[in-house]
Amino acid sequence: MPLSRHTGQIPESNWTLGFREMTEPWKGAVGCLGVAVFFAMTIGIISWQALEQSPEEWVLRGRAGGMLWERRRGALVLRALPAGRAVAAIAVGGVPAAEPPPPRDHCWHDGGQFCYSWEEDAELRLSLEPPAAPGTECYGVRWTPLRPDVTLKDCFSMANVSWYGGPSIRAQRWPLNGAESPAQPFVSGDLGTNPDGFGPVLDRYFLGSTGVTVTVAPDVPLLLSLESHRHFCLETPAGRAEPLRYLLCIGTDVAAAHRHGGNPPAGPVRARPDTALLGSPMWRYHGPEGSAAKIKRGLRSLVRRLKRHGLQEGVVALGERGTAILAAAEHVPSERRKRQDLALVEPLRLSITLSPYASITSPLFLQSLHRGEAAGYWLSRQPRPGGSTIPLLTTWKGQLCARLNVTSEAALAWYLARARRLRQALGATYVAFEGVEGNSFLEQDVLPPAELAGDGYTRVLAAALATLGNGTVVSAGAGSSHLPLFVQMSPLRSDWSHAGLKGLIPSVLHYSLLGYNFFIPDTVGGSLAGDSAGDPELFVRWLQIVTFLPVMAFGSPPWLCCDSWVLNLTRQCIQRHRDFVLPLLLKYSEEWQSLGHPIFRPAWWLSPTDPTAFTIEDEFLIGDEVLVAPITEKGQTWRDVFLPGEGHLWLDTSSARVFDGGTILRNYSASLAEVPVFVKTS
């Protein structure tokens, strides 16, 4: 008989009671343990995702590089392959930057594009573009706003990148990293009337020391801001719903990037201006201008004094006011007067000055009113329905003026014919045009015609003035570097600051990088009042720099500011410019015409991967063979000299000593009578 076995079942009431008695003291601890386990699992999942997900994700990849999206700061990063070095970092604005574009690629079917939309904000399209030249790779960036109130803004980091190009500014820097400017229209301007604006020479082209170029499309309404040592930003105007488009190209280094990306071989044919001016010092007339007779006497007096001091060659430059007075007196010149005027400055040559402005009280403007030509000859506001056109008046040299309408073929033909008549009547060899820069419509917050948007006025007028011949000087450059024109540099202060002497070499490098190699620098010693006006040391150090530039321009003759030693030095520098510098300019101008390489080059041109070369702003190369390293500090008779080009040898033209390239000469001596100049021998 099977024995019955006790199952050992615990009565339910007793078990429940025991559990309650057991857990009551531990209830808080168990709850905390559950919360801790939950958080530990959450942190583990997040950590696992962080390890699995890179902070950057490829969005478009080419052969030489690619674009990535950086989640942490919401930025596009351009990296070069195969090393993956960062070439440019672009912080995006106007969209929720924290939202990463992947994986919603609307162009997934096309391996050469990447598209993404921030709903109700903007659309981004990246594309691989045909390279500007072999050895480069280019990426198109296009932002399209999806609402009128969206402002598109891309900021290029300056961390570990030196940037060049873009605008000229009042106190020019090389590189641009040290510059500061609020967001403003990217349009050329007069630094004399707007010192915080952009200067007369600019281009929508930026070059990074990492070997990257940024070129903004010419039809994009553009604002630019510069925040010192942080970034520069490209921006579209608010409320316009305009796309932001630019092209990124990468090269092996900064010099290669500029040679290929900055100078496309399919660009316009480059022509150089009259090379006779290159070997001629220019003497600006600052004598009496009360009447035509006084001006003629003053010009003859200046020529006599130049002859007396052994400076009887070159060009005498007459300003706009003096030109206008002579033009009024010679309105109907006789043959005898023509012969007299031709002999005004002999054996020197004469340069006269005009501008596209006419005072509303001038005979020129009043005559156009009487002939009924004002509506077509001068810029006008758009008329209201049923109304008549009204000239767009602006201020020029303190007077209320109208400005030439360059969109009218009749107005341009009349203006050019007048310039030719004056040149012939006054016996001038050269004609300088001031006031070419700027957008008069933007200055008055008036919407310009489409053909005059941005720097359209400067481009159209420069192209027309080039037809006067290669002895023409203009005050601005914007998309006109291929024309046979001289460009007058902005005035500088008579001091040692970046608004004065220290800004001269950065300006030289900036102009030449953008293709404006045939410039006329400001007069020796500076033409704007400064705290060192009349300082002989400043005059000498300034003279030593311009000796190696295209044209040596003088405002105050050396016998007025300084003693006979400086006068003798001036003669020597003029002779050195003619014998040593001019052949170099002619040689490398041919290289510029054929290849687009700048004549005046920064140190990194021969040391494109040496970070030391990226920030040198007080040296420059003429071509690949001459290095000029002047003194730009007051009272200093020594300086450090960086000799670029590792593996090359450099000969000091004063001491005949030879040094290795890729090295720095510490505390190199340069007395007041000396300027360190080195010639590359191998």
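Source: prediction; values computed, not measured.

Here the bond from Leu81 into Pro82 is cis, since omega is 10°, no more than 30 degrees from zero. Relative to the elements of secondary structure, Pro82 occurs in the loop between strand S3 (75-80) and strand S4 (85-93). Residue Pro175 is reached from Trp174 by a cis peptide bond, and omega for that bond is 0°. By secondary structure assignment, the location of Pro175 is in the loop between strand S9 (163-167) and strand S10 (181-185). A positive phi angle, near 50°, is found at Asn667, a position not held by glycine. With respect to the helices and strands, Asn667 occurs in strand S35 (residues 663-669). Overall, the relative accessible area of 52% leaves Asn667 in the exposed class.

Turning our eyes to something else, we now look at the sheet that holds strand S31 (residues 626-628). Pairing is antiparallel across the open sheet formed by 6 strands, whose spatial order is S29-S30-S31-S36-S33-S34. One side of each edge strand has no neighbouring strand; the edge strands of this open sheet are strand S29 (600-601) and strand S34 (658-660). Judged from the 3 bridges that link them, strand S33 (residues 649-652) and strand S36 (residues 677-680) form a sheet pairing that is antiparallel. Bridge pairing in S36 links Leu651 to Val679.

For the structure shown, the criterion picks out 29 aromatic pairs. Centroid distance Phe156 to Phe232: 5.0 Å. Interplanar angle 5°. Geometry classified as stacked. In this pair, Phe156 is assigned in strand S8 (residues 153-157) and Phe232 in strand S14 (residues 231-235), connecting sequence segments 76 residues apart. Side by side, Phe156 and Phe232 carry an identical accessibility label, which is buried. Here the aromatic rings of Trp414 and Tyr415 are separated by 6.5 Å at their centres, their planes lie at 55°, and the arrangement is tilted. On the accessibility criterion, Trp414 (15% relative accessible area) is buried. The structure contains a cluster of three or more aromatic residues connected by ring pairs, namely Phe156, Trp163, Phe186, Phe198, Phe206, Phe232 and Tyr246.

This part is about the sheet that holds S10. Spatial ordering of the open sheet is given by S1-S2-S3-S4-S8-S14-S13-S10, a layout of 8 strands whose pairing is antiparallel. The sheet is open, and its two edges are formed by strand S1 (56-61) and S10, each paired on a single side. On average, each strand axis in the sheet is tilted by 20° relative to the strand beside it, whichever way the strands run. By the bridge criterion, 6 bridges tie S3 to S4 in an arrangement that is antiparallel. Residue pairing in the sheet places Arg79 in a bridge with Ala86 of S4.

The next point concerns the pattern of salt bridges. Pairing between side chains becomes possible if they bear opposite charge and their charged atoms approach one another. A full pass over the atoms with the stated rule returns 22 salt bridges. Across the pair Glu619 and Arg639 runs a salt bridge whose closest N-O atoms are separated by 3.1 Å. One end of the pair, Glu619, is in the loop between helix H16 (611-614) and strand S30 (620-622); the other, Arg639, is in strand S32 (residues 638-643), and 20 residues separate them in sequence. For Glu619, a relative accessible area of 2% gives the class buried. Among the residues examined, Arg639 registers a relative accessible area of 5% and is labelled buried. Among the charged side chains, a network of salt bridges with common partners joins Glu70, Arg72 and Arg73.

For the rest of this paragraph, the subject is the confidence of the model for the protein. When pLDDT is averaged along the protein, the result is 87; 85% of the residues meet or exceed 70. pLDDT under 50 marks residues 44-52. Its contacts with residues more than four places away, or in other chains, come to 0 contacts.

What counts, and at which threshold
- Residues numbered from 1 in each chain as written.
- Predicted model: local features only at pLDDT ≥ 70, side-chain atom pairs only at ≥ 80, totals over all residues.
- Heavy atoms only, no water.
- Helix = DSSP H or I, 4+ residues; strand = E, 2+ residues; numbered from the N terminus.
- Buried < 20%, exposed > 50% of the residue type's maximum accessible area, 1.4 Å probe, protein only.
- Pairing = 2+ DSSP bridges.
- Phe/Tyr/Trp six-rings, centres within 6.5 Å; stacked < 30°, edge-to-face > 60°.
- Axes fitted to C-alpha atoms, helices over the stretch in contact; angles between N-to-C directions.
- Salt bridge = Lys/Arg side-chain N within 4 Å of Asp/Glu carboxyl O.
- pLDDT = per-residue confidence, 0-100.
- Contact = heavy atoms within 4.5 Å.

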